[in-house]
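Listed here are the chains, written in short residue letters.
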Amino acid sequence: MLGIGTGGALKSPKQPSFVSYLTPEEIDAKEKEQAEKVDDVLLLPGETLLCEASNVFKCTQDEGSQRGVCGRLICTNFKIAFLCDEVPDDNTPEFKNKILGENDITLQCVDQLYGATLAKDQTMMFDKHNDWRLELDRTKGNLCYKVLSLNEAYKVSERLPPYFVVPLSLPEECVYKFQGRGIPIWCWSTQNGLALVKMASLPKEVDDFAMQEQRMFLDSVEKTLHRPPYEEVRIEDLSVSLPSLSEIQMSYTRFKQLFLIDNATDFWDTDSKWFSLLESCNWLEIIRQCLKKAIEVIDYLESQRINVVLKEDTASDFCCLIASLVQIMMDPHFRTRHGFQSLIQKEWVMGGHAFLDRCNHLRKNDNEAPVFLLFLDCVWQLVQQYPLAFEFSETYLTVLSDSINIPIFSTFFFNSPCQRDAHKWAEDGLGKQRGPLSFYTVWDWSVQFELKALSFLNNPLYVGKSKLEKSRKAPRSKHQRQLSLPLTQSKTSNKRGFFKEETGPFIKSLLGKRISKLINSSDEVPSNYRVFYENWHRKPVDFHGLILPHIEGPDICPWAQRHLRWIPEAQVMGGGNVAAMQRILELMDEIQSLKKKVKERPNSNHTLAKENDVETRRKKSVRRSSLYPFALLHISSFRPSISTTTWRSWEAGDELVNRDDEYFDLGSI
């Protein structure tokens, strides 16, 4: 917003802080002659253009509402001028100043200039210090957290990224103590000033002396978190509340078998029991548990206003999954395509998720588990339930899941940033390094698809916030305070003993089951997510605000486009989501055509061409399969009128009329 000068009589005079580093004498004479006039702004003799910025939005306040216009902002060695892009109307004032226009401010009246860079139109890789700083600025997390660069050469830990964020009051020596384990690492901050952090567990099988060291270390971390504004902290031990990696792997293996069908006969053999088999594999139940856990965490952050620490052994599996789901549901920025890609870079790639082991890229191992695919399946559930809230389509999620198995992308091929950096040097036949390798990133979609195919990755129903809404300053919540002010009423916490009842809940939760059996944990904060969940679903949905998924019964369904796309019998000609989407696009075309007819004189040729386009789109939508764009044509398949198991058991001389009726026990189906 363009401000008014500070040279009023009500305020004490300040020394001007604006400094011009260029003088007219330093400018070439030829440039002086050419700079007499800049976009209808008359420059005085000796006045030179220093810099300019395009796509600037000027806000004006009018009776509590905000309006504005777009234009360019130029800065000379005399003034700052705003050049409106809109065509001026005829109401030109008769009395005007030739030196200063309506949108001009002299530098003498400018105290400070602020410039901010918003990274909403690009994917942030989070491999640089500045990326983390920008994310802290965007979420206002810089009030309580700081970016550390102690691990630039992986001196602290090969598991941690080169840069990560910790609380401001956390001493740097604590990071070295257990190689980054046991310290709270920042994920994201809410508008209420609360934070979502994650933490890796300390080694469990240790002797008494090491246990004493862990106790002292956690006690110091607890004191750090109990400084304002960290009085209220909820520890979520995800290794206890969510399935194990082996259970996920076993469930997905059974789930995957439902879609490995060789021919039509095998398909119809399992058709009558398909839903029973789907339920028995437990994959959808695991998805439901993950979404439920994310809602519980949101309840603590949004409703109970408690900071949440996600705890796990390595903080690189379920911590990545739950933290990502929480941010997608609460922050609309991560529901855009670039925001979603930045989220994966921040929480998964730089968060140290072991893609090489979990996705089984090279060899079979005991650590295999499709945790990232589980995350994408959870996101697909959200996209299906709230399609207007996401800038990307389900096709985007499908090709992203396929890209995990393409080895030319470094994004999903390594276990950690350290491993990726260690293998980026090429070697010749003699074992000497030739130079750095240039890895592809999966986010450069033009490597895989042509320009026409890239349109399938975008959701045509998504409507982003207008420029006016983006430019408005979000009202600062009354719960967001400075570090010197507590968020909530402080609770007295005695730190005199470790095995005593007055030990804080933080240490009790972090020391695991071995110690928690000896300590009373009656001060746990009860979960009230069900009331929060039901109350939210009674309200109208704000697609640019918080969204919570439905997790009851059939609301969680299989990801059809990904798993059924190669099964012809599962396709619906001209039906499914594709047909509904095509019909919506037809309506959008018709609406745009009607708007043009209203604005301009009816043109018969234009109208006829538009009607032909709509008719062509309608004919294409009828021919397309429900699994389009992966399945183009429907392949006919003969479906027997009775079970194929019985049909194949007939002998050559059998006739249907001579056979007894066959009964099926519905309880076994």
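About the cut-offs
Residues numbered from 1 in each chain as written. Predicted model: local features only at pLDDT ≥ 70, side-chain atom pairs only at ≥ 80, totals over all residues. Heavy atoms only, no water. Pairing = 2+ DSSP bridges. Helix = DSSP H or I, 4+ residues; strand = E, 2+ residues; numbered from the N terminus. Axes fitted to C-alpha atoms, helices over the stretch in contact; angles between N-to-C directions. Salt bridge = Lys/Arg side-chain N within 4 Å of Asp/Glu carboxyl O. Buried < 20%, exposed > 50% of the residue type's maximum accessible area, 1.4 Å probe, protein only. Phe/Tyr/Trp six-rings, centres within 6.5 Å; stacked < 30°, edge-to-face > 60°. Lys NZ or Arg CZ within 6 Å of the ring centre and 35° of its normal. Core = buried A, V, L, I, M, F, W, Y, C linked by side-chain atoms within 4.5 Å. Contact = heavy atoms within 4.5 Å. pLDDT = per-residue confidence, 0-100. Arc of directions from axis to C-beta. Parallel < 35°, antiparallel > 145°, perpendicular 65-115°, else oblique. Left-handed = near helix turned anticlockwise from the far one by under 90°. Nonpolar A, V, L, I, M, F, W, Y, C, P; charged D, E, K, R; others polar.

## Some points on the sheet that holds strand β10 (residues 195-200)
Piece 1. What the four strands build is an open sheet, ordered β9-β10-β12-β11; its pairing is mixed. In this open sheet, the two strands that pair with only one neighbour each are β9 (185-189) and β11 (233-237). Averaged over all adjacent pairs, the angle separating strand axes in this sheet is 25°, with direction ignored.
Piece 2. Pairing analysis gives five bridges linking β10 to strand β12 (residues 307-312), with the strands arranged parallel.

## As for the pattern of salt bridges
Piece 1. For the structure shown, the criterion picks out 21 salt bridges.
Piece 2. Close ionic contact of Glu 347 with Lys 198 constitutes a salt bridge, the shortest N to O distance being 3.7 Å. Here Glu 347 is found in helix α11 (residues 337-349), whereas its partner Lys 198 is found in strand β10, with 149 residues between them in sequence. Lys 198 matches Glu 347 in its accessibility class, with the two residues each being buried.
Piece 3. We note a salt bridge from Glu 296 to Lys 292, for which the minimum N-O separation is 2.6 Å. Taken together, the residues Glu 296 and Lys 292, both in helix α9 (residues 283-303) and four residues apart, mark about one turn of the helix.
Piece 4. Residue Glu 296 is classed as buried on the basis of its relative accessible area, which comes to 8%.

## Notes on the pairing of β12
Look at any regular strand and the pattern is simple: side chains alternate between the two faces of the sheet.
Piece 1. With respect to burial, β12 is a largely interior element, six of its six residues being buried.
Piece 2. With burial as the criterion, each face of β12 is covered, one bearing Asn 307, Val 309 and Lys 311 and the other bearing Val 308, Leu 310 and Glu 312.

## Observations concerning the environment of Gly 46
Piece 1. For Gly 46, the location among the structural elements is in the loop between β2 (41-42) and β3 (49-62).
Piece 2. Sequence separation between Gly 46 and Phe 78 is 32 residues, and the spatial gap between their C-alpha atoms is 9.3 Å.

## A closer look at the packing of aromatic side chains
Piece 1. For the coordinates displayed, the defined rule picks out 31 aromatic pairs.
Piece 2. Centroid distance Tyr 145 to Trp 186: 6.3 Å. Interplanar angle 45°. Geometry classified as tilted. Of the two residues, Tyr 145 sits in strand β7 (residues 145-148) while Trp 186 sits in strand β9, which places them 41 residues apart along the sequence.
Piece 3. Here Tyr 252 and Trp 283 contribute two aromatic rings whose centre-to-centre distance is 5.0 Å and whose plane-to-plane angle is 55°, an arrangement assigned as tilted. Placement of the pair is Tyr 252 in helix α6 (residues 245-257) and Trp 283 in helix α9, with a sequence separation of 31 residues. Both residues of the pair, Tyr 252 and Trp 283, belong to the buried class.
Piece 4. Lying over the aromatic face of Phe 334, Arg 138 brings its terminal NZ or CZ to 5.1 Å of the ring centre.
Piece 5. Note that Arg 565 overlies the ring of Phe 630, its terminal NZ or CZ placed 4.8 Å from the centroid.

## Focus on the nonpolar core
Piece 1. If you look at the biggest cluster of nonpolar residues, it comprises 112 residues, and the most contacted ones within it are Leu 325, Met 329, Phe 340, Ile 344, Phe 375, Leu 376 and Leu 397.
Piece 2. In terms of residues, this core owes the most to one element, α9, which gives 12 residues.
Piece 3. For Leu 376, the residues in contact, after removing those within four places along its chain, are Phe 340, Leu 397, Leu 400, Ser 401, Ile 404 and Trp 559.
Piece 4. If you look at the next biggest cluster of nonpolar residues, it comprises 16 residues, including Leu 148, Phe 164, Cys 174 and Ile 185.

## Looking at the confidence of the model for the chain
Piece 1. Confidence in the prediction of the chain, expressed as mean pLDDT, is 77, and 69% of residues score 70 or more.
Piece 2. Mean pLDDT per element in the chain: helix α1 (residues 29-34) is the minimum at 44, and helix α10 (residues 318-330) is the maximum at 98.
Piece 3. Low confidence marks residues 513-525, where pLDDT is under 50. Its contacts with residues over four positions away, or in another chain, come to 23 contacts.
Piece 4. Confidence over residues 641-659 falls short of pLDDT 50; this stretch has 14 contacts with residues more than four positions distant or in other chains.

## Considering helix α8 (residues 274-281)
Piece 1. Buried residues of α8: Trp 274, Leu 278 and Cys 281, and no others. All buried residues of α8 lie within an arc of 70° about the axis, which places them on one face of the element. Of the residues in α8, the exposed ones pointing more than 90 degrees away from the buried face are Phe 275 and Glu 279.
Piece 2. Among the structural elements, α6, α7 (264-271) and α9 are those in contact with the buried residues of α8.
Piece 3. Of the residues flanking the end of α8, it is Asn 282, one or two places downstream, whose phi is positive at about 75°.

## Points about the packing of α10 against helix α13 (residues 371-385)
Piece 1. Close contact between α10 and α13 brings their axes to 10 Å; oriented N to C, the two are set at 20°. Accordingly, the angle class assigned to the pair α10 and α13 is roughly parallel. The interaxial crossing formed by α10 with α13 has right-handed handedness. In contact with Leu 321, Ser 324, Leu 325, Ile 328 and Met 329 of α10, α13 contributes Val 371, Leu 374, Phe 375, Cys 378, Val 379 and Leu 382.
Piece 2. For the contact of α10 with α13, the residue count by class is 10 nonpolar, one polar and no charged.

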